[in-house]
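Inside the fold
Listed below are the residues making up each chain.
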Amino acid sequence: MTASHGPVGPHTTPGRKVLVTGAGGQVGLDLLQALRARGDQVFASDLAPPSGDAGLGLPWSSLDVTRATQVDALFAELRPDVVYHLAAILSATGERDPLRTYAVNQDGTLHVLEAARKFGVRQVIFTSTIAVFGPGLPPLVGDDVPLRPTTMYGVTKVAGELLGEYYSRRHGLDFRGVRFPGLLSAVLPGGGTSDYAPLMYYESLRTGGYEAFCRPDSQIPLMYMPDALRALVELSLAPRERLGRCIYNIAAFSPTAQEIADEVARVVPGARITFKPDPARQAILDSWPRALDDTCARRDWDWRPAWDLARMSDDLTPKLAALAARAGE
Ligand code: SER
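Summary of the structure given here. (Residues numbered from 1 in each chain as written. Predicted model: local features only at pLDDT ≥ 70, side-chain atom pairs only at ≥ 80, totals over all residues. Heavy atoms only, no water.)

The strand order across the open sheet formed by seven strands is 3-2-1-4-5-6-10, and the pairing between neighbours is parallel. Of all strands in the sheet, those with a lone pairing partner are strand 3 (60-62) and strand 10 (247-249), marking the two edges. On average, each strand axis in the sheet is tilted by 20° relative to the strand beside it, whichever way the strands run. In this sheet, strand 4 (residues 82-85) lies alongside strand 1 (residues 17-21) in parallel orientation, the contact comprising four bridges. If you follow Thr21 over to strand 4, its bridge partner there is His85. Each of strand 4, strand 5 (123-129), strand 6 (174-180) and strand 10 touches helix 7 (residues 225-237); the most contacted strand, strand 6, lies at about 155° to it. (Pairing = 2+ DSSP bridges. Helix = DSSP H or I, 4+ residues; strand = E, 2+ residues; numbered from the N terminus. Axes fitted to C-alpha atoms, helices over the stretch in contact; angles between N-to-C directions. Contact = heavy atoms within 4.5 Å.)

Listed below in structure tokens is the structure:
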């Protein structure tokens, strides 16, 4: 697989009716376009649907996943074949309001799975995360190391993985998911602990520099959004009989924060990046894997990343420059 295949890969099963929750977030907005491009009939939902062009001309529904009645009503109305369940509060924001994070991530996932069962959804795709892991990890982290998260976001994602596996076993729901690394794209992230990576690029372009909230030796797995989208589509289309598990690690590259800063200096000459670790967010970063082992995804559904740090920088920088220019208007 190479980048030239684009976000959707070589498979074609057009015409699926697909509902995306949390569609207004960093992954959702790009995923909507990727699904539409491959011929799916796409329905978007989020707390507050975006206005105008930002909605991509797709049908949007207001959906608060903490309300089971709302989730049931939307599933009953749309009767989707496939649901991409993205709605979640990320790790840094989550620590500011753990109870709300529990309601959105934990109750929300239960409501989506239960509605999927009741209304005959064929497949639910779940976005899990490196935040399911906790302190004391080996240098390369496989799928089945003990999950001991330290954040409410991580706790609810572990529980979401387990709940989905329960619905798969108990009710025959086709539940699949990936553990995403920190993601970089031309849509800014909302409240993650991995945000220092995209912000090094964006703030350097916007203001000439960035003070990162981590140590320069911080190291977590990262991924460029086109690979993340392709993973979501390829996992969804993989033959069930080839899948030995529901949830898969996927990996691309694992630079230190200093290596990202050096890379930003290459593509944004003169960028001034400094480091001032924030104790809370640094502790979260230190509890996450430095690198993920994605052997199972490679074996079961032929997962391969197409983007490394340097190629991503060359592709992403002009896109973020355009975003920064619009922000300055
Ligand atoms: N990007 C997420 C976060 O930082 C990790 O999945 O919370």
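Read on, since the account is not over.
Counting buried positions over the twelve residues of helix 6 (residues 196-207) gives nine, a clear majority of the element. For helix 6, the complete set of buried residues consists of Tyr196, Ala197, Pro198, Leu199, Met200, Tyr201, Tyr202, Glu203 and Ser204. Looking one or two residues past helix 6, Gly208 carries a phi angle of roughly 95°, positive in sign. (Buried < 20%, exposed > 50% of the residue type's maximum accessible area, 1.4 Å probe, protein only.)

This brings us to the packing of aromatic side chains. Here the structure, examined in full by the defined rule, presents six aromatic pairs. Seen from their ring centres, Tyr224 and Trp307 are 5.0 Å apart, and the 80° between their planes marks the pair as edge-to-face. Of the two residues, Tyr224 sits in strand 9 (residues 222-224) while Trp307 sits in the loop between helix 10 (295-301) and helix 11 (309-327), which places them 83 residues apart along the sequence. When the ring of Trp301 is compared with that of Trp303, the centres are 6.0 Å apart and the planes differ by 40°; the resulting orientation is tilted. Grouping residues by exposure puts Trp301 and Trp303 together as buried. Here the aromatic cluster, defined as three or more aromatic residues joined through ring pairs, consists of Tyr248, Trp301 and Trp303. Stacked on the ring of Phe213, the Lys or Arg Arg281 has its end atom at 3.8 Å from the ring centre. (Phe/Tyr/Trp six-rings, centres within 6.5 Å; stacked < 30°, edge-to-face > 60°. Lys NZ or Arg CZ within 6 Å of the ring centre and 35° of its normal.)

We now examine the environment of Phe43. On the secondary structure map, Phe43 appears in strand 2 (residues 41-46). By relative accessible area, Phe43 is classed as buried at 15%. Once you skip the residues sitting within four places of it in the chain, Phe43 turns out to touch Lys17, Val18, Leu19, Val20, Pro59 and Leu78.

Okay, the nonpolar core next. Grouped together as the largest cluster of nonpolar side chains are 44 residues, with contacts concentrated most on Tyr196, Met200, Tyr201, Ile260, Val264 and Met312. Counting only elements with at least two residues in this core, the list comes to helix 5 (152-171), helix 6, strand 8 (209-212), strand 9, helix 8 (257-267), helix 9 (279-287) and helix 11. (Core = buried A, V, L, I, M, F, W, Y, C linked by side-chain atoms within 4.5 Å.)

Note that Gly15 resides in the segment before strand 1. Judged by its relative accessible area of 49%, Gly15 falls in the partly exposed class. Between the alpha carbons of Gly15 and Val42 there is a distance of 9.3 Å; along the sequence they are 27 residues apart. Gly15 has contacts with Gly39, Asp40 and Asp81, leaving out every residue within four places of it along the chain.

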